[in-house]
Amino acid sequence: MQRAASLRHQDKAPAEPSPADGALTRAKQGDQTAFAELVREYQAMVYSLARNFVRDAAIAEDLAQEVFLHLFRNLAAIESPAHLKFWLRKVTSHRCIDFSRKQKAQGAKTSVSLDEAPEPVSIFDMPDSMMRSTIRRFVATLPEKPRLVVTLRYQEDLDPMEIAEILEMPLNTVKSHLRRSLAILKEKVTRSFGTEF
Amino acid sequence: MSKNRFDDELKHALRREEPSADFTDRLLARVAQEKEGFCEPAEEGRERQNGRRDSRLSWLRQLGALFTLPQLKWATAGALATLLVVSAVGLYQHRQQQLELQRQAELSAQISEAEGQRAKEQVMFAMRIASAKLNVAQKKVRDTLQQDAGQSVGHQQN
């Protein structure tokens, strides 16, 4: 777990200075322009995590705004750009899960089991955009945690160790979620396209 | 589709997208609104680490937020004035009730005292009557005893 503990201070990117370095320092000093720079740099990441989870652009934007407002209030606690990235991924993931639980408590149906998911029309030569849309739809039917695991793995290109730290779950659980989700998604997509993938 | 192709499709399907064009502006507007009456974000972040300060700050923030919009200012002022009037009326009524209760208590105390006095007088009167009767009875007994004593002396002399 020592490696996991150090992950928040590292990043996959090489050690070249990112625009976030200076912006973070200035934003912590109260510079709103610098904060705007940080938002622009990370808004796609935060918004897309939420978007791939909730499958609703408006809700995803609201969630992303809440995450950045939370960041604004907690800038003092952010130690480095790598920590900022880790923090944003973590807070966004937790906000997504909270949102999903609130929806469930209110009786809204946010996800369905894979068997309940409607089958798209089976065609052999489906256009790419349609195929990706179908994949996104199937990802959205996964339960909360596996959905986040798959999203962090394929949207953010994170390895299971990093995902485990962000979602605060054991590494083996992450690997298991990933393996099972992929198997289910592959089977569903294969069935929908009517051909072996 | 090979595993790699499936992975690629997943990556494409879940790739990052930009939010709407006004996302940052909307966020900055909210940040500015939040920042208006309060301290710098870094200072605020430090203060948030202190639980009591934090709750006080958020309470103040909520209170302050009531006064940010002009139409809400009047609504809030109206609500506060109504609250003040209702409180004053309530306080006055409570005070009146207290005074009334106090008056009633004093009255009942006076009544009790008068009744006590009357009872005492009746007892004294009864005791005086009893005492007078007792005196009469005592006198009769004494007279009877004296008569009996006189008669027994006469018999002995005879």
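Procedures and definitions
Residues numbered from 1 in each chain as written. Chains lettered and ligands numbered in written order. Predicted model: local features only at pLDDT ≥ 70, side-chain atom pairs only at ≥ 80, totals over all residues. Heavy atoms only, no water. Helix = DSSP H or I, 4+ residues; strand = E, 2+ residues; numbered from the N terminus. Buried < 20%, exposed > 50% of the residue type's maximum accessible area, 1.4 Å probe, protein only. Contact = heavy atoms within 4.5 Å. Areas by Shrake-Rupley, 256 points an atom, 1.4 Å probe, with all protein chains shown as cover. Salt bridge = Lys/Arg side-chain N within 4 Å of Asp/Glu carboxyl O. Polar contact = N/O pair within 3.5 Å; in protein donor to acceptor, adjacent residues only side chain to side chain. Nonpolar A, V, L, I, M, F, W, Y, C, P; charged D, E, K, R; others polar. Phe/Tyr/Trp six-rings, centres within 6.5 Å; stacked < 30°, edge-to-face > 60°. Core = buried A, V, L, I, M, F, W, Y, C linked by side-chain atoms within 4.5 Å. Domains from an automatic or database assignment. pLDDT = per-residue confidence, 0-100. Patch = residues over 30% accessible without salt bridge, like charges linked within 9 Å, V, L, I, M, F, W, Y side chains within 5 Å. Expected span 1.5 Å × (residues − 1).

Q: Now, about the overall build of chain A: what can you tell me, with residues and values included?
A: Along the backbone of chain A there are 9 helices and 0 strands. The buried share among the 197 residues of chain A stands at 51%. In chain A, the share of contacts with a sequence separation of at least 24, taken over all contacts with a separation of at least 6, comes to 65%. Of the roughly 9,100 Å² that chain A leaves accessible, carbon and sulfur atoms contribute 51%.

Q: Tell me about the overall build of chain B, and name the residues and values.
A: A tally of regular secondary structure across chain B gives 5 helices and 0 strands. Overall, chain B shows an N-to-C arrangement of helices and strands of α-α-α-α-α. The proportion of buried residues among the 158 residues of chain B is 15%.

Q: Quick one: what's the story with the pattern of salt bridges, residue by residue and with numbers?
A: According to the stated counting rule, one finds 17 salt bridges over all chains in the structure shown. In this structure, Arg26 of chain A engages Glu37 of chain A in a salt bridge whose closest nitrogen and oxygen atoms are separated by 3.5 Å. Residue Arg26 of chain A is found in helix α2 (residues 19-28), and its partner Glu37 of chain A is found in helix α3 (residues 32-54); the two are separated by 11 residues along the sequence. On the basis of relative accessibility, which here comes to 32%, the residue Arg26 of chain A falls in the partly exposed class. A salt bridge links Glu100 of chain B to Arg103 of chain B; its shortest N-O distance comes to 2.7 Å. With Glu100 of chain B and Arg103 of chain B both in helix α5 (residues 70-157) and 3 residues apart, this pair spans about one turn of that helix. Salt bridges sharing partners connect three or more residues here, namely Arg26, Asp31 and Glu37 of chain A.

Q: Could you give me a rundown of the interface of chain A and chain B, with the residues and numbers involved?
A: The parts lose accessible area when they come together, and the size of an interface is often stated as this lost area. Taken together, the contact pairs 47 residues of chain A with 36 residues of chain B. Our count for the chain A to chain B interface comes out at 5 salt bridges. Where Arg16 of chain B meets Glu156 of chain A, a salt bridge forms, and the shortest distance between an N and an O atom there is 2.6 Å. The tally of links between chain A and chain B comes to 13 residue pairs in polar contact (both at pLDDT 80 or more). Going through the elements one at a time, α2, α3, α4 (57-73), α5 (81-105), α6 (128-140), α7 (144-154) and α9 (171-193) of chain A are the ones with two or more residues in the side of chain A that touches chain B. When residues in the side of chain A that touches chain B are grouped by element, the largest group, 12 residues, is from α3 of chain A. Across the side of chain A that touches chain B, the residue classes tally to 22 nonpolar, 10 polar and 15 charged.

Q: With reference to specific residues and values, describe the environment of Arg191 of chain A.
A: Position of Arg191 of chain A among the secondary structure elements: in helix α9. Within the structure, the side chain of Arg191 of chain A is placed 2.8 Å from the side chain of Glu187 of chain A, a separation counted as a polar contact.

Q: Account for the packing of aromatic side chains, with residues named and values stated.
A: Across all of its chains, the model carries 2 aromatic pairs over all chains by this definition. Where Phe35 of chain A meets Phe72 of chain A, the ring centres are 5.3 Å apart and the plane angle is 65°; that geometry is what we call edge-to-face. Here the residue Phe35 of chain A occupies a position in helix α3, and Phe72 of chain A occupies one in helix α4, the gap between them amounting to 37 residues. We note that Phe35 of chain A, like Phe72 of chain A, is buried. Arranged with centres 6.1 Å apart and planes meeting at 70°, the rings of Phe68 of chain A and Phe23 of chain B form a pair that is edge-to-face.

Q: Run through the nonpolar core, naming residues and quoting values.
A: By size, the foremost hydrophobic cluster in this structure holds 63 residues, and its most contacted members are Phe35, Phe68, Leu71, Leu88 and Val150 of chain A together with Leu10 of chain B. Counting residues per element, this core draws most heavily on α3 of chain A, at 13 residues. Each of domain 1 (1-109) and domain 2 (111-197) of chain A contributes no fewer than three residues to this core. The contact partners of Leu88 of chain A, leaving out residues within four places of it in the chain, are Tyr42, Met45, Val46, Val67, Phe68 and Leu71 of chain A.

Q: Run through the confidence of the model for chain B, naming residues and quoting values.
A: Residues and elements named next belong to chain B. For chain B, mean pLDDT is 82; residues scoring 70 or higher make up 75% of the total. Least confident of the elements in chain B is helix α3 (residues 41-49), whose mean pLDDT is 48; most confident is α5, at 90. Overall, residues 39-49 carries pLDDT values under 50, and its contacts beyond four positions in sequence, including any with other chains, amount to 27 contacts.

Q: So, a nonpolar patch on the surface: which residues are in play, and what are the values?
A: Taken together, the side chains of Val123, Met124 and Met127 of chain B present a nonpolar region at the surface, about 290 Å² in accessible area. Position of Met127 of chain B among the secondary structure elements: in helix α5.

Q: Lay out the confidence of the model for chain A in plain terms, naming residues and giving numbers.
A: Residue and element names in this part refer to chain A. Averaged over every residue, the pLDDT of chain A is 82; residues scoring 70 or more account for 78%. At the low end of the mean pLDDT range in chain A sits helix α1 (residues 2-7), at 46; at the high end sits helix α8 (residues 160-167), at 95. Considering only residues more than four positions removed or in separate chains, one finds that residues 1-6, a stretch of pLDDT under 50, has 5 contacts. Under a pLDDT of 50 for its full length, residues 112-125 has, in the predicted model, 31 contacts with residues more than four places off or in other chains.

Q: Any details on α4 of chain A? Residues and values, ideally.
A: Residue and element names in this part refer to chain A. Taking 1.5 Å of rise per residue, the 17 residues of α4 would be expected to cover 24 Å, and the 24 Å separating its terminal C-alpha atoms lies within 8% of that figure. Along α4, the positions that sit buried rather than exposed are Ala60, Glu61, Leu63, Ala64, Gln65, Val67, Phe68, Leu69, Leu71, Phe72 and Arg73. The opening residue of α4, the one whose side-chain oxygen lies 3.0 Å from the backbone nitrogen of Ala58, is Asp56.

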